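Descriptive analysis of the structure
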Amino acid sequence: MNEYQDLIDLLNSKRFHAEFFEDASSAKKRVIELIADAASVGIGGSQTIMDTGLFDDIVSTGKTVYSAVLEQQKEKPDKMAAWKNAMSADVYLTSTNALTRGGDLINIDGNGNRVAAMFFGPDTVIVLCGVNKIAGSPHDAIDRIKKTACPQNARRLNLPTPCAVEGVCRDCSLPERMCNVTVRLQYPPRGKEIYILLVNEALGF
Ligand code: SF4
């Protein structure tokens, strides 16, 4: 039994479909299995999905992929269209900012598209999560996100926020603020199947 089995059992008791993987490679294979019958996949902004190569793997399947990353490669990008299309894809794939020991997914979003797709978008959602995202309480999770995820995300996106510039959250009110929507997903909403693939590696931030 792995040290995360209690968490996996708890998530399954909450009607999530939780599975544990020793490495990203085996989790990626499981994702490809889960999307086998999907014609379209929405992919949320996620360093985990990019770093593992899963993004490229899914694009190479030939399925229709809705993603702001792909949209940006077009001559006239329309990220809003990509975000809205992703809401009606067959499957939505993302990571999570944090997973609590109590089995809650905690996410902070600037536009809200990613969190909305997780709780009110496609009927099937797949969350790929490294064990580095595990936090104690929801409070700990938000603390972790503000201290660890936000500064790195802000720098990756070249934002002028205090977390990027100083490495500290100042609860800013800049137009570029990333922390506009905070969602605590405690149970899958009705009609939604949420797969949480927990990987015994540090993935994303
Ligand atoms: S509120 Fe502003 S400074 Fe704080 S983490 Fe969010 S974007 Fe960064």
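Calculation notes
Residues numbered from 1 in each chain as written. Predicted model: local features only at pLDDT ≥ 70, side-chain atom pairs only at ≥ 80, totals over all residues. Heavy atoms only, no water. Pairing = 2+ DSSP bridges. Helix = DSSP H or I, 4+ residues; strand = E, 2+ residues; numbered from the N terminus. Axes fitted to C-alpha atoms, helices over the stretch in contact; angles between N-to-C directions. Contact = heavy atoms within 4.5 Å. Phe/Tyr/Trp six-rings, centres within 6.5 Å; stacked < 30°, edge-to-face > 60°. Lys NZ or Arg CZ within 6 Å of the ring centre and 35° of its normal. 1 Å grid on protein atoms, 1.4 Å probe; cavity = no way out; pocket = protein on both sides within 12 Å on 5 of 7 lines; lining within 4 Å. Points joined across faces, edges and corners; volume = space filled by probe spheres on them. Nonpolar A, V, L, I, M, F, W, Y, C, P; charged D, E, K, R; others polar. Polar contact = N/O pair within 3.5 Å; in protein donor to acceptor, adjacent residues only side chain to side chain.

The name given to the protein chain in an unreviewed UniProt entry is Lactate utilization protein, and the organism recorded there is Christensenella massiliensis.

**Concerning the sheet that holds strand 2 (residues 40-43)**
Strands belonging to one sheet form pairs held by backbone hydrogen bonds; the direction of such a pair is parallel or antiparallel. Strand order across the open sheet formed by six strands is 1-10-7-4-2-3, with parallel pairing between neighbours. Each having just a single partner strand, strand 1 (17-21) and strand 3 (64-66) make up the two edges of the open sheet. Pairs of neighbouring strands in the sheet enclose a mean axial angle of 20°, with direction left out of account. Two elements, strand 2 and strand 4 (residues 91-94), share three bridges in a ladder whose sense is parallel. Counted as the bridge partner of G42 is Y92 from strand 4. Its contacts with the sheet place helix 1 (residues 5-13) against strand 1 and strand 10 (193-199), and it is angled at close to 160° to strand 1.

**Quick word on the packing of aromatic side chains**
Summed over the entire model, instances satisfying the criterion amount to one aromatic pair. The aromatic ring of Y187 is capped on one face by K14, whose charged end is 5.0 Å from the ring centroid.

**Structural notes on the layout of surface pockets**
Taken as a whole, the largest pocket encloses approximately 960 Å³ of empty space. Surrounding the largest pocket, 43 residues form its lining, G45, D109, N153, R156 and L157 being those nearest its centre. Sorting the residues of the lining of the largest pocket by element identifies helix 3 (47-51), helix 5 (68-71), helix 6 (79-87), strand 6 (105-109), helix 7 (113-120) and helix 8 (138-156) as the ones contributing at least two each. At five residues, the largest contribution of residues to the lining of the largest pocket is made by helix 8. Among the residues making up the lining of the largest pocket, the classes are represented as 20 nonpolar, 16 polar and seven charged.

**Considering the environment of D78**
With respect to the helices, strands and loops of the structure, D78 is situated in the loop between helix 5 and helix 6. For D78 and A68, which are ten residues apart along the polypeptide, the C-alpha to C-alpha distance reads 8.0 Å. Within the local environment of D78, its side chain forms a polar contact with the backbone nitrogen of A81, the two atoms lying 3.1 Å apart.

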